[in-house]
Amino acid sequence: MQHAIELDALRTEVGAAAGPMANAVSACVHCGFCLPACPTYIELGEEMDSPRGRIVLMKEVLEGGLSLEEALGHIDPCLGCMSCVTACPSGVEYGELLMPFRELAEGGRNRSWLDRFWRGLMLDTLASPSRLRRMLRAQQVLAPRIHRATIEVLTRSGVEVVVPSEESCCGSLAFHAGDASRARAAAGSLLRVLGPAGLLPDVDAVLTNAAGCGSGLREYGLLFAGRPEEEKARALAAKVRDVSTFLCALDAPAPPPLAQPLRVVYHDACHLAHAQRERTAPRRLLAQVRGVTLIEPRDWQICCGSAGIYNLEEPELAARLGRRKAETLLEGEPDVIATGNIGCLTQIESHLRRLGRAVPVRHTMEILASAHGASYPAPAR
Ligand code: SF4
Ligand code: SF4
């Protein structure tokens, strides 16, 4: 049975997001094909913790038939991984319902001032490399290593790389956590640097090496829907590419063969595989390195439990998913695990450590850079 939702009433609450939200609700035919693809349904086994169940819950809240508090116990554990979108044969754009709903819910929920303070601090710290570096003084921050590798690979492939001089966060972490006003503040600063009045007209593409940021940037139209910045935001979003997508389309010559054969298992980051629908490019890039044997893991579509600040807000479920993912990736006896997202990388590393297995986890660009002859320090263990 399909559901429709009253559009005018919804518009008063969520403005321009009302249309996409209503479309997602009415497109769902309740077939249940998405259930086995949903990590929280697999772990918890409850209809209300499945995509289909959550669509009904969100609709009920939007129509006033259910209180927000009653629904949030099932909506909050949603990872926003979009595995359900990949699995759905009816083309339900679940993210276009979830993201505005989370924004609405954030305004309506009762958080203590302390909870709001810590949440804000977490989002600001994780989104800022310099703050994170200060917080983790003694430990290695991974981002510079991945950035160096990315620039190395692009340069060797004949790409002129322009790195913006200002450090600015894209706001994706906050957007995916439901804090859309914090996300818009960050995105506004980025638009000034990278938007149509900044670097945008001079570049062919805006590249990201973090799947979460890439998917968030490509959702700028949704983030700014109905606002004055929408056009600029859409112009930026249209040029955003994951670095693997861009490199694969370039068809640049493969790096030299590896000195030693390497068994690589590739972990699909949800925000690349599901949200950006890119599974082929990273695999092609890795497979073209002579000496690499690419191994396909079981349950590729299931999230590792990292999902932005999910690890901090839903630690038990995140830990269950992290352990499950580490175990399935180890099944292929890899020498190295590759992925395209820093959040997945740290989550998988941490669970491998707990299992006592010292298999290195690397960004796809690090493996390509190594093949090109660059050397990088081993991550801290
Ligand atoms: S697969 Fe799509 S149409 Fe079917 S229940 Fe899930 S979201 Fe609805
Ligand atoms: S986004 Fe992920 S966790 Fe949320 S309903 Fe869809 S598959 Fe399940």
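None of the values given here were measured: they were computed from a predicted structure.

Caption draft 1: Quick look at the domain arrangement of the protein. Looking at the protein, the domain boundaries give domain 1 (7–108), domain 2 (116–247) and domain 3 (251–371). Distance from the C-alpha centre of domain 1 to the C-alpha centre of domain 2: 26 Å. Every contact between the two is made by 10 residues of domain 1 and, on the other side, 8 residues of domain 2. Residue composition of the side of domain 1 that touches domain 2, by class: 4 nonpolar, 2 polar and 4 charged.

Caption draft 2: Broad picture of the site of ligand 1. Neighbouring ligand 1 are 14 residues; C28, C31, C34, R52 and C88 lie closest to it. If you list the elements that add at least two residues to the shell around ligand 1, you get α4 (51–62) and α6 (83–87). For the shell around ligand 1, the residue count by class is 10 nonpolar, 3 polar and 1 charged.

Caption draft 3: Summary view of the site of ligand 2. Close to ligand 2 lie 14 residues; C38, P51, C78, C81 and C84 are nearest. Residues belonging to the shell around ligand 2 are distributed by class as follows: 10 nonpolar, 3 polar and 1 charged.

Caption draft 4: The pairing of strand β5 (residues 336–339), seen in detail. In the sheet, strand β3 (residues 262–267) pairs with β5 via 4 bridges, with the strands oriented parallel. Among the inter-strand pairings, V264 is bridged to a residue of β5, identified as V336. Judged from the 3 bridges that link them, β5 and strand β6 (residues 361–363) form a sheet pairing that is parallel. Bridge assignment links T339 to a residue of β6, and that residue is H363.

Caption draft 5: Summary view of the packing of helix α2 (residues 18–27) against helix α7 (residues 94–108). Remark: α2 packs on α7, axes separated minimally by 8 Å, with the N-to-C direction vectors making an angle of 130°. Between α2 and α7, the angle falls in the class oblique. Remark: the crossing between α2 and α7 carries left-handed chirality. Along its contact with α2, which presents P20, M21, A24 and V25, the element α7 presents Y94, E96, L97 and P100. Class assignment for the residues of the contact of α2 with α7 results in 7 nonpolar, no polar and 1 charged.

Procedures and definitions
Residues numbered from 1 in each chain as written. Chains lettered and ligands numbered in written order. Predicted model: local features only at pLDDT ≥ 70, side-chain atom pairs only at ≥ 80, totals over all residues. Domains from an automatic or database assignment. Contact = placed C-beta atoms within 7 Å. Nonpolar A, V, L, I, M, F, W, Y, C, P; charged D, E, K, R; others polar. Near = placed C-beta within 6 Å. Helix = DSSP H or I, 4+ residues; strand = E, 2+ residues; numbered from the N terminus. Pairing = 2+ DSSP bridges. Axes fitted to C-alpha atoms, helices over the stretch in contact; angles between N-to-C directions. Parallel < 35°, antiparallel > 145°, perpendicular 65-115°, else oblique. Left-handed = near helix turned anticlockwise from the far one by under 90°.

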